[in-house]
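Here is how the chains run, residue by residue.
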Amino acid sequence: MQTERVTFLTTPEHKASLDAFAASQGKSVGHVVREASAIYIAQATADEDEQQLATLVREVNAAVPRMRADIKEAIASIGRANAVVDAVLAGEGAGA
């Protein structure tokens with residue numbers, strides 16, 4: 001695995017906490033920081049996905065009533081067209 005060095009500044013207290021936590025877990029400070037940053041990035045991605053999903057749900061919820069109205073109108077239009085065809089076939093329409 002190819003690696004790169006990342007340096008960051010922190011307080012002596014935070015560094016001591018990192019050292020103590022890493023030691024208590026039997027891990028290096030670098031491993032703890034890599035693991036914590038990976039979790040942080042994954043959570044940020046999950047939050048973004050959740051926001052996108054919420055936006056999509058709002059858009060679908062707004063679109064469905066319009067779609068239902070359009071379908072209802074299409075069905076009514078088909079019904080009217082069927083009535084005209086039935087009348088023409090029965091000899092009641094124009095040109096019969």
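None of these values were measured; they are calculated from a predicted model.

**Topic: the overall build of the chain**
1) Next: In terms of regular secondary structure, the chain is built from 2 helices and 0 strands.
2) Next: Its C-alpha atoms give the chain a radius of gyration of 33 Å, more than 25% over the compact-globule value 12 Å for 96 residues.
3) Next: Taking the principal axes of its C-alpha atoms as reference, the chain extends roughly 95 × 30 × 20 Å.
4) Next: Only carbon and sulfur atoms are counted for the fraction: they give 61% of the accessible area of the chain, which is about 8,400 Å².
5) Next: Between the centroid of the 9 positive side chains of the chain and the centroid of its 13 negative side chains there is a distance of 4 Å.

**Re helix α2 (residues 29-89)**
1) Next: Compared with an ideal rise of 1.5 Å per residue, which puts 61 residues at 90 Å, α2 spans 86 Å between its outermost C-alpha atoms and is within 8% of the ideal.
2) Next: Maximum bend of α2: about 25°, positioned at Ala63, with proline Pro65 one to four residues after it.
3) Next: Downstream of α2 by a residue or two, Gly91 has a phi angle that is positive, lying close to 85°.

**Notes on the pattern of salt bridges**
Side chains carrying opposite charge are able to pair once their charged atoms draw close together.
1) Next: According to the stated counting rule, one finds 3 salt bridges in the structure shown.
2) Next: Notably, a salt bridge pairs Glu35 with Lys27, separated by 3.4 Å at the nearest N-O pair.
3) Next: Where Arg80 meets Glu73, a salt bridge forms, and the shortest distance between an N and an O atom there is 2.9 Å.
4) Next: Judged by relative accessible area, Glu73 falls into the partly exposed class, the value being 44%.

**Some points on a nonpolar patch on the surface**
1) Next: On the surface, a cluster of nonpolar side chains totalling about 340 Å² of accessible area is made up of Leu53, Leu56, Val57 and Val60.
2) Next: Topologically, Val60 is positioned in helix α2.

**Overview of the packing of helix α1 (residues 12-25) against α2**
1) Next: At a minimum axis distance of 8 Å, the contact between α1 and α2 shows a crossing angle of 95°. Here α2 runs roughly perpendicular to α1, going by the angle between their axes. Along the contact surface, α1 presents Leu18, Asp19, Phe21 and Ala22, while α2 presents Val29, Val32 and Val33.
2) Next: Looking at side-chain class alone, the contact of α1 with α2 contains 6 nonpolar, no polar and 1 charged residues.

**Overview of α1**
1) Next: Compared with the 20 Å implied by 1.5 Å per residue over 14 residues, the 20 Å span of α1 between its first and last C-alpha is a close match.
2) Next: Immediately downstream of α1, the backbone of Gly26 shows phi near 70°, a positive value.

**With respect to a negative patch on the surface**
1) Next: A contiguous patch of negative charge, built from Asp47, Glu48, Asp49 and Glu50, is present on the exposed surface.
2) Next: Structurally, the position occupied by Glu48 is in helix α2.

Reading the values: rules and limits
- Residues numbered from 1 in each chain as written.
- Predicted model: local features only at pLDDT ≥ 70, side-chain atom pairs only at ≥ 80, totals over all residues.
- Heavy atoms only, no water.
- Helix = DSSP H or I, 4+ residues; strand = E, 2+ residues; numbered from the N terminus.
- Rg over C-alpha atoms; globule rule 2.2 N^0.38 Å.
- Areas by Shrake-Rupley, 256 points an atom, 1.4 Å probe, with all protein chains shown as cover.
- Lys, Arg positive; Asp, Glu negative; His and termini not counted.
- Charge placed at Lys NZ, Arg CZ, Asp CG, Glu CD.
- Expected span 1.5 Å × (residues − 1).
- Bend = angle between axes of the 7 residues up to and from the residue.
- Salt bridge = Lys/Arg side-chain N within 4 Å of Asp/Glu carboxyl O.
- Buried < 20%, exposed > 50% of the residue type's maximum accessible area, 1.4 Å probe, protein only.
- Patch = residues over 30% accessible without salt bridge, like charges linked within 9 Å, V, L, I, M, F, W, Y side chains within 5 Å.
- Axes fitted to C-alpha atoms, helices over the stretch in contact; angles between N-to-C directions.
- Parallel < 35°, antiparallel > 145°, perpendicular 65-115°, else oblique.
- Contact = heavy atoms within 4.5 Å.
- Nonpolar A, V, L, I, M, F, W, Y, C, P; charged D, E, K, R; others polar.

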